[in-house]
Amino acid sequence: MQQYSSLPDQNSQIDATPKLLTTIQQLRAKLWLESSLNQLQSRLNHYLLSACNNVLQAEVAESEVLQAVVNEINSVMNSTNLALTDYAVGIAMFQPQETVATVCYISRSPSQNSQPLFVDVLTAEKKLLLRLQEVIEFKDLQQLENQQPPSAWRLADDSGSIMGWLIIAAAPLSCDRESLIESKAQLRSQLMSRSANYCTTALVQLRHILSWQQQYQQLSNSNQELERTNQLKNQFLANTSHEIRTPLSSIIGFTHLLLAPGYEPTIERQREYLNIIQSSGKHLLALINDILDLSKIEANQLEVQWESVDVPLLCSNVLALVKEKAANKGLRLCLEIDPDITSLVADSLRLKQMLLNLLFNALKFTSKGSVGLQVVPKGGSVHFTVWDTGSGISQEDQTQLFEPYFQIAKAVAGGAEGTGLGLAVTRKLAQIHGGSVKVESEVDSGSRFTLLLPLKQEVGAGGDEEAREAGEAGEAKYSLSHLPLTPSSSVDILLVENDLPNADLMQIYLQKLGYQVTWVKNAAEMWEALTQLYPAVILMDVYLADGNGLNLVRQLREHEQYQTIPVIVQTAMAMKGDRETCLAAGVNDYISKPIDLPLLASLVAKYSKPPI
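Cut-offs applied
- Residues numbered from 1 in each chain as written.
- Predicted model: local features only at pLDDT ≥ 70, side-chain atom pairs only at ≥ 80, totals over all residues.
- Heavy atoms only, no water.
- Helix = DSSP H or I, 4+ residues; strand = E, 2+ residues; numbered from the N terminus.
- Buried < 20%, exposed > 50% of the residue type's maximum accessible area, 1.4 Å probe, protein only.
- Contact = heavy atoms within 4.5 Å.
- Patch = residues over 30% accessible without salt bridge, like charges linked within 9 Å, V, L, I, M, F, W, Y side chains within 5 Å.
- Areas by Shrake-Rupley, 256 points an atom, 1.4 Å probe, with all protein chains shown as cover.
- Salt bridge = Lys/Arg side-chain N within 4 Å of Asp/Glu carboxyl O.
- Pairing = 2+ DSSP bridges.
- Axes fitted to C-alpha atoms, helices over the stretch in contact; angles between N-to-C directions.
- Phe/Tyr/Trp six-rings, centres within 6.5 Å; stacked < 30°, edge-to-face > 60°.
- Lys NZ or Arg CZ within 6 Å of the ring centre and 35° of its normal.
- Parallel < 35°, antiparallel > 145°, perpendicular 65-115°, else oblique.
- Left-handed = near helix turned anticlockwise from the far one by under 90°.
- Nonpolar A, V, L, I, M, F, W, Y, C, P; charged D, E, K, R; others polar.
- Core = buried A, V, L, I, M, F, W, Y, C linked by side-chain atoms within 4.5 Å.

A. Region of interest: the overall build of the chain. If you tally the helices and strands in the chain, you get 16 helices and 21 strands. Counting all 612 residues of the chain, 41% fall into the buried class. Relative to all contacts within the chain whose residues are 6 or more apart in sequence, the contacts with residues 24 or more apart total 68%.

Given below as structure tokens:
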């Protein structure tokens, strides 16, 4: 019977030993590689987690990740005999628009006798020094990537755009066994290649994290701004409600009193009540104008009429408007104008508005002493300074003074009038004029608000003359002013108005002046009235129940017999371009609502012969 031995053949054991040793070495190398890469991954995860928990600057966070990569590779290679020689690891950052990369991160071998290290580009014909701030051309990096073994590995994002390159520079490996040199070179290449992949992944994730943080911050800022805006809106509505209700109470109350059965006040009392009603109405109109002005400015729709302003005259007129209010509070008004200041190119109406806003504020916060206006030239500007001896303004409140709807808490508590729009409008008007507003104040030491306007306006260079010529050119383009205008001897006025109170007001007022006013409510009645009447002037409401007033004007101009009849529109339109829109329709003039009766009379007289 044949016998089989269980012992291995002696020769086979000898033959298997080198293979077994090789396998063990490969396993050890693989374990070492995985362990090293896990350590790198752990380090990178730590940085990413830190970036998630802390708001970092993009450059700082990215710099920490890249420096961690080169440091970790350096630490790993120093912990083993993988290098077998002197080496350096670096990262060169690359911008897509450029053709070169710059070495920004580097980690050197700790060898005391180390010399400057070079990276071979394909052959020894060209060598690159690996050091900080070294500039390497893109084509050289590509060659380093393609040679065997590679010396550079690209770092590319999700879209394939190159962010940078991981580079190693090392002296040639030295060892008696060529196979060992080859295996260690391969192992080093695997380490660098996978480290580059880990680095790329970490950079992409970091940029996502930073992008999300930025979006979160933007949303947070937007939410805070929305919350602030909502608070301002609520504050504005509360203030506006108070401001509207106060004069409305006077208007409704005194009107009710005048209409009360059995109550017959004297003429003096009636006049007093009517003055209160008129004053309250003007206060409401001023409030609406402030809101509208702010809206126009923010929408870049405010019209500025440049002209040469007589500064002393305008300042005197402004002080005359606040004289009564100052007298009621027992305050002294002062005016000081430098004799060198005579004229200024500006919008006189808006300049008056700015000064009135500042003066009314000064009077509001001053209970005793004086309020004054000082005008002096400084450099190329005119300084209009409104000062007072009032309660002053804290530094905290000064930072918010020019914000829309902001009011000083003690003023609100003290029952002071205002909506917090005056200073906001003033600052924006000053900016439109090429100037600014500044404030100097201390609590209990009064305040000084200075309006700075340039002496020479670049807008409409040449001053009021060019502005006036431009305005006249605009009217010539849009209106019928090029037609010869001969005021009609007729005193017949055709009033097209669908609002009964406004129609009654204009009809009664014009009839009192001697005009014959025919009132119609809509377009159909207008055409019927024109078959029986040839009016001297047509007063046209823009908004009618059965049509648009401007369209009616266009239709009138299409008929030869109506082309020369002057048309004045009455409208609540008040935004930039509204005047041009009206003139383009063939309108001769327009008047804004609420109707200024004396202005209405002058316009009607302009286009007709006033009755005797």
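B. Representation of a nonpolar patch on the surface. Taken together, the side chains of Ile244, Leu248 and Ile252 present a nonpolar region at the surface, about 240 Å² in accessible area. Examined against the element boundaries, Leu248 turns out to sit in helix H4 (residues 178-259). For Leu248, a relative accessible area of 32% translates into the label partly exposed.

C. Quick peek at the pattern of salt bridges. Summed over all chains, the structure comprises 11 salt bridges. Between Glu145 and Arg154 there is a salt bridge; the shortest N-O distance is 2.9 Å. A relative accessible area of 21% places Glu145 in the partly exposed class. In the salt-bridge network here, residues are joined through shared partners; they are Glu497, Asp541 and Lys593.

D. Geometry of the sheet that holds strand S16 (residues 516-520). Taken in spatial order, the five strands of this open sheet run S16-S15-S17-S20-S21, and their pairing is parallel. Of all strands in the sheet, those bounded by a partner on one side alone are S16 and strand S21 (589-592). Each strand axis lies, on average, 20° off the axis of its neighbour in the sheet, ignoring direction. In the packing of helix H16 (residues 597-607) onto the sheet, contacts are made with strand S15 (492-496), strand S17 (537-541), strand S20 (567-571) and S21, and the angle to S21 comes to roughly 170°.

E. Representation of the packing of aromatic side chains within the structure. Applying the stated criterion across every chain yields a total of five aromatic pairs. Both rings, one in Phe138 and one in Trp165, keep their centres 6.0 Å apart while their planes meet at 70°; by these two values the pair is edge-to-face. With Phe138 in helix H3 (residues 138-146) and Trp165 in strand S7 (residues 162-170), this residue pair connects regions lying 27 residues apart in the sequence. By the ring-pair criterion, three or more aromatic residues cluster together here, those being Phe94, Phe138 and Trp165. Its end group placed over the ring of Trp519, Lys521 keeps NZ or CZ at 4.7 Å from the ring centre.

F. Up close: the packing of helix H5 (residues 267-298) against helix H10 (residues 422-432). In contact at an axis separation of 10 Å, H5 and H10 are set at 40° when each is read in the N-to-C sense. It follows that H5 is oblique to H10 by the angle criterion. The element H5 and its partner H10 pack so that their crossing is left-handed. Across from Asp290, Asp293, Leu294, Ile297 and Glu298 in H5, the residues of H10 making contact are Ala424, Val425, Lys428, Leu429 and Ile432. Looking at the contact of H5 with H10 residue by residue, the class counts come to six nonpolar, no polar and four charged.

G. Unusual backbone geometry, seen in detail. Of note, the amide linkage connecting Gln148 to Pro149 takes the cis form, showing an omega dihedral of -10°. Structurally, Pro149 is set in the loop between H3 and strand S6 (152-156). The omega torsion across Lys593 and Pro594 is 0°, close enough to zero to call that bond cis. Structurally, Pro594 can be placed in the loop between S21 and H16. Its identity as a non-glycine residue notwithstanding, Gln133 has a phi of 70°, on the positive side. At Asp444, a residue that is not glycine, the phi angle is positive and equals roughly 65°. By the element assignment, Asp444 lies in the loop between strand S13 (436-441) and strand S14 (447-454).

H. How the structure looks around the nonpolar core. By size, the foremost hydrophobic cluster in this structure holds 45 residues, and its most contacted members are Leu351, Leu355, Phe384, Leu401 and Leu451. The element that contributes the greatest number of residues to this core is helix H7 (residues 348-364), accounting for eight residues. In contact with Phe384, other than residues within four places in its own chain, are Val311, Cys315, Leu344, Leu351, Leu355, Leu373, Gln374, Val375, Phe449, Thr450, Leu451 and Leu453. In terms of nonpolar packing, the next biggest core, distinct from the first, is built from 37 residues, Leu37, Val76, Met93 and Leu187 among them.

I. Structural detail: the pairing of strand S11 (residues 370-378). Judged by how many residues are buried, S11 sits mostly within the fold: seven of nine residues are covered. Here strand S9 (residues 332-337) pairs with S11 via six bridges, running parallel. Across the sheet, residue Leu335 finds its bridge partner in S11, namely Leu373. With eight bridges joining them, S11 and strand S12 (residues 381-388) adopt antiparallel strand pairing. Bridging across to S12, Gly372 finds its partner in Trp387.

J. Representation of H10 in the model. Considered for burial, the residues of H10 that qualify are Leu423, Ala424, Val425, Thr426, Lys428, Leu429 and Ala430. Tucked inside the fold, the buried residues of H10 contact H5, H7, S13 and S14. Of the residues trailing H10, Gly434 is marked for its positive phi of about 80°.

K. Representation of the environment of Tyr509 in the model. Turning to its location among the elements, Tyr509 is positioned in helix H12 (residues 500-512). On a C-alpha basis, the gap between Tyr509 and Leu600 in space is 9.5 Å, while along the polypeptide they are 91 residues apart.

L. How the structure looks around the packing of H7 against H10. Packing of H7 against H10 leaves a shortest axis separation of 9 Å and a crossing angle of 145°. Between H7 and H10 lies a crossing whose hand is left-handed. Of the residues in H10, those in contact with Arg350, Gln353, Met354, Asn357, Leu358 and Asn361 of H7 are Gly422, Leu423, Val425, Thr426, Leu429 and Ala430. Per-class residue counts for the contact of H7 with H10 are six nonpolar, five polar and one charged.

Any functional reading would require information that these geometric values do not contain.
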